[in-house]
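Per-entry structural report
Chain residues, written in single-letter form:
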Amino acid sequence: MTEVLPTRKDCLSLLKDTNCSENVIAHCKAVENLAIKIAKMTDANKELVSRGALIHDIGRGRTHGVKHAYEGAKIAKKLGLPDNIILIIERHIGAGLTKDEAKSVGLPAKDYIPITLEEKIVAHADNLIDENEKKPVAVVVKRFRKLGYNAAADKILALHKELSKICKKDLDSIK
Ligand SMILES: [Fe+2]
C-alpha cells in the first residue's frame, strides 16, 4: 500500500474510469473547493483534503444508495490508493454511521465515523454542498429531520459546531 497521494488529475481520471457521471464529478469538485477553504483555516493536510474530497464519491459509479461510501472504499482499496484516502471515502456519510446504524442499513457492522480532521472536513463539506451549491447547515439539518433521521441531523450539527470552533468562524459564513 503506497502512501503517495494521487494527483488531482489522477483523481478526476479515476472518477471517469469508474463510471461516475459528469454531475457526480462536478459535485466532487464543489466539495473539494469548500473542503480546501475549511482546511486552510486549520492545520489539516491540505493535499489530503483536496484529493480525499475530489474522490470521496467514487462509489457513485456503482450505487447512489447509502452503501456508495463503503463500495467506494472497496474500489479505492482495489486501485491501491493510500489508507488515509480510503478512510475519507468510507467515513463520509453525513457525520458518520455508528456500528448499529451501519448494521441497520445492511453494511458490515463496524463504525464509519470520521475520526481525523481531514475525514471530518471532507464529510462536512459534503454535507454542506447540495449538488454544486453550498447550503446553510440549518437547511441540511432540516432535510434530515424531515426524513426522520434525527440522530444523523444531531451529529451533522455537532460536527458543524466542532469544525466552526476549530476554524474560529461559523462555516455558514464561508462563501
Ligand atoms: Fe457521498
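Below: a short report on this structure. (Residues numbered from 1 in each chain as written. Predicted model: local features only at pLDDT ≥ 70, side-chain atom pairs only at ≥ 80, totals over all residues.)

Further remarks concern helix α9 (residues 150-167). Residues spaced three or four apart along an α-helix face the same direction, because each turn holds 3.6 residues. Taking 1.5 Å of rise per residue, 18 residues should cover 26 Å, and α9 covers 26 Å from first to last C-alpha, within 8% of that figure. For α9, the full list of buried residues reads A152, A153, K155, I156, L159, H160 and L163. Buried residues in α9, looked at end-on, bunch into an arc of 165°, giving them a common side. Exposed and oriented more than 90 degrees from the buried face of α9 are N150, A158 and K165. Where the residues of α9 are buried, they touch α2 (22-39), α7 (117-128) and α8 (137-146). In the stretch just after α9, K168 is the one whose phi turns positive, near 55°. (Helix = DSSP H or I, 4+ residues; strand = E, 2+ residues; numbered from the N terminus. Expected span 1.5 Å × (residues − 1). Buried ≥ 20, exposed ≤ 12 C-beta atoms within 10 Å, placed from the backbone. Arc of directions from axis to C-beta. Contact = placed C-beta atoms within 7 Å.)

To continue, consider the packing of helix α3 (residues 46-55) against helix α5 (residues 83-90). At a minimum axis distance of 9 Å, the contact between α3 and α5 shows a crossing angle of 50°. In terms of their interaxial angle, α3 and α5 are classed as oblique. Two packed elements cross with a definite hand, and for α3 against α5 that hand is right-handed. Along the contact surface, α3 presents L48, R51, G52 and I55, while α5 presents N84, I85, I88 and I89. (Axes fitted to C-alpha atoms, helices over the stretch in contact; angles between N-to-C directions. Parallel < 35°, antiparallel > 145°, perpendicular 65-115°, else oblique. Left-handed = near helix turned anticlockwise from the far one by under 90°.)

Any link to function would need more than the numbers given here.
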